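Residue strings, one per chain:
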Amino acid sequence: MKSNILNVFIIMLLFSCTDDNEKLDLKPLNTVEISGIAEEYRLKLYDLLEIKPELKIARDDSDLEYVWYMYDNSSLLVEADYDTLSTEKYLSYKIDNRVINAVDTEHQLVFKVIDKSTGVYYVHRSKVFASGIYGLGTLLLCKENGKNEINFIHRNDREFVDDVYRKANVDKPLGEHPTKIVFVNPLNRFLPELKEIMVFCENEDGGEILDPVTFKKTMSFREKVNAEFAGVLIPSLHFQVQRDYLIYNGNSCSKPLSASIYDPIFAIVSEPGEVELAPMVWKILEYETEYGYTNGGPIYYDQKNHRFLEHGMENKGYLKAMKSAENSVFDCNHVGDHMQLICGGKLPGRGNGWALMKEETTSKFFLLKFATTMEFPIPNNKQYCVITFSGTDKIELTPAYSNNIQDAKYISSVYNVEDGVFIFATDKSVFAFNVNQASSTNPANMEAELIANLSQENIAISNMEYISYEVENPDDVWEPFIVKEVRLSIKDNNRTMQKGGVIFYELETQGGLHLKEVYRKSGFCDEVIDIEEKYS
């Protein structure tokens, strides 16, 4: 019975709908079928994206309007937060910095056709992979014909691109007296807008900050650190330990990882109150939490007062001395008169490090090894920490340890990873020194020759840097491979003009420590001032 009543009701409803249709005089939709658009586009900065879609329209296009827009699939924004590219039927759009913030960033390109008379719209979506012209690769800070310039080497195919700064900053020369180029890669991957390139210069501006995609200058270094005092700024180091840090004019400052501008320079709460910080830090402090071990703040070396200082994990605006352990073989608060830091790094084990020192008056080299601990004397209070510094060994590097260290012109270490090696070079040869195995109780040769004599090729070494960087591990995205390279700036005397160049070697350990040449180029500048790896 219920079923029969329901059937009668449905029949009545159908007749009612028929009557309404006659009364409303409904017309079919002006349907639109979109074709002629690819499913995927791969583009670089400044490429021209041109698309002429084909539309199959039921009636005519008099009431149609169009919009093209794009949004980043990997961002935290919703689709409503998009960049409108065009309101024309045919798209002609030059890829700019709005849609590029990383290598091969995936975007959604949307073409929407809207019928104004009904409000009905039709959509086609495509994938766009947009990347900068200068993605992964190597930055070369150079001097060319009396002017300063930046060149670029692509990592994958080693393609060389010259004069990238001049091309991006027409009629605006790079600052005078450049010393270093730095790529800043934010630790927070959701803040790609904080990526930048810093060019350190010893002048009143202190250098320049560049957009890492376009290489256009965005501000001066002085503006970046909000320095209000007059005079020359001398920046020397950028690094990250839970915060972004800079060292300039012998002191340091920092900022939160999400901020753009740096806080004022640190106060020195341990007498004497003036410092001259070396352009290197140790990132070895660790303390235990309920979730495991986490990093403490950085350790600095004060060249003026020959002491180690720390910026505590509480991230307050000062540097202070550490407690020297009773059994320490040297005093961390006064290592010795005239002791200047050359380089340093991590040693195996939690909180362990090393430092290579040179005594200025005698030109003798000393290798210091040390251990650190972090203690919190007040239970459940992480704002007050006592760091104890214990010198575990002090080694004078006599010929028994190294025959060539006294002739070294360039010395470099990878200070931010556990490595236990430093590399040094004369004007023609390159050597490695084994820090891990060196001991004051067992004098033995710790030196290994890596390059015998480049002068036989009529090449002189003008600078040297030992670096490490990460490359993608296809089997585990969270465990990237670590590549270590020795990079030489050279003077190629086989050329009559523009003798500057570079040679890159990968440091390999299988079958003994040795170098494998992976790149060589000269003739593009007069001098290579500095080399830096760009990660995106």
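Rules used in this analysis
- Residues numbered from 1 in each chain as written.
- Predicted model: local features only at pLDDT ≥ 70, side-chain atom pairs only at ≥ 80, totals over all residues.
- Heavy atoms only, no water.
- Buried < 20%, exposed > 50% of the residue type's maximum accessible area, 1.4 Å probe, protein only.
- Helix = DSSP H or I, 4+ residues; strand = E, 2+ residues; numbered from the N terminus.
- Pairing = 2+ DSSP bridges.
- Salt bridge = Lys/Arg side-chain N within 4 Å of Asp/Glu carboxyl O.
- Phe/Tyr/Trp six-rings, centres within 6.5 Å; stacked < 30°, edge-to-face > 60°.
- Axes fitted to C-alpha atoms, helices over the stretch in contact; angles between N-to-C directions.
- Core = buried A, V, L, I, M, F, W, Y, C linked by side-chain atoms within 4.5 Å.
- Polar contact = N/O pair within 3.5 Å; in protein donor to acceptor, adjacent residues only side chain to side chain.
- Contact = heavy atoms within 4.5 Å.
- pLDDT = per-residue confidence, 0-100.

1. What about the pairing of strand β2 (residues 40-44)?
Along β2, the buried face is formed by Y41 and L43; none of E40, R42 and K44, which line the opposite face, is buried. Note: β2 against strand β9 (residues 121-131), five bridges, orientation parallel. Bridge pairing in β9 places Y41 opposite V128.

2. Points about the pattern of salt bridges
Within this structure, the stated rule accounts for 20 salt bridges. Of the charged contacts in the structure, one is a salt bridge between R350 and E286, with a shortest N-O distance of 2.6 Å. Residue R350 is located in the loop between β27 (339-346) and β28 (352-359), and its partner E286 is located in strand β21 (residues 286-289); the two are separated by 64 residues in the primary sequence. Given the relative accessible area of 28%, E286 is considered partly exposed. Across the pair R520 and E517 runs a salt bridge whose closest N-O atoms are separated by 2.9 Å. A relative accessible area of 38% places E517 in the partly exposed class. One connected set of salt bridges, linked through shared partners, spans R155, R158, E485, R487 and E533.

3. Here we look at the sheet that holds β28
Strand order in the open sheet formed by five strands is β26-β30-β29-β28-β27, and the pairing between neighbours is mixed. Edge positions in the sheet fall to β26 (323-324) and β27, since each of these pairs with one other strand and no more. In the sheet, β28 pairs with strand β29 (residues 364-375) via eight bridges, with the strands oriented antiparallel. What sits directly across from M357, in β29, is F366.

4. A few points about the packing of aromatic side chains
What the rule picks out here adds up to 23 aromatic pairs. With a centroid separation of 6.3 Å and an interplanar angle of 40 degrees, the aromatic rings of F183 and Y535 are classed as tilted. One end of the pair, F183, is in strand β13 (residues 178-184); the other, Y535, is in the segment after β39 (527-534), with 352 residues separating them in the sequence. Judged by relative accessible area, which is 6%, F183 ranks as buried. Given the relative accessible area of 31%, Y535 is considered partly exposed.

5. Re the sheet that holds strand β33 (residues 430-434)
Pairing is antiparallel across the open sheet formed by four strands, whose spatial order is β31-β32-β33-β34. The sheet terminates laterally at β31 (410-413) and β34 (447-451), the two strands that pair on one side only. Each strand axis lies, on average, 25 degrees off the axis of its neighbour in the sheet, ignoring direction. Pairing analysis gives four bridges linking β33 to β34, with the strands arranged antiparallel. Paired with A432 across the strands is A448, a residue of β34.

6. Here we look at the nonpolar core
Core analysis: the largest hydrophobic core is formed by 38 residues, its most contacted members being F239, W282, Y300, F308 and M357. Secondary-structure elements contributing two or more residues to this core are β17 (235-240), β18 (244-248), β23 (299-302), β24 (307-310), β27, β28, β29 and β30 (386-396). Counting residues in each nonpolar core, the second largest holds 22 residues, with I37, L64, V128 and A130 among its members.

7. Notes on the side chain of S522
Here S522 shows up in strand β38 (residues 514-525). Among the residues examined, S522 registers a relative accessible area of 14% and is labelled buried. One polar contact links S522 to D492, side chain to side chain, over a distance of 2.8 Å. There is a polar contact of 3.0 Å between the side chain of S522 and the side chain of R495. Setting aside residues up to four positions removed in sequence, S522 forms contacts with D492, R495, K499, G500 and G501.

8. Considerations on the confidence of the model for the chain
Confidence in the prediction for the chain averages 88 pLDDT; 90% of positions are at 70 or higher. Segment residues 1-6 is flagged for pLDDT under 50; beyond a separation of four residues in sequence, or across chains, it makes zero contacts in the model.

9. Concerning unusual backbone geometry
The residue after E271, namely P272, is reached through a cis peptide bond having omega -5 degrees. Positive phi values are uncommon outside glycine, yet N145 reaches one of about 50 degrees. Residue position: N145 is located in the loop between β10 (137-144) and β11 (147-154). Here the phi dihedral of Q242 falls at roughly 65 degrees; this positive angle occurs in a residue that is not glycine.

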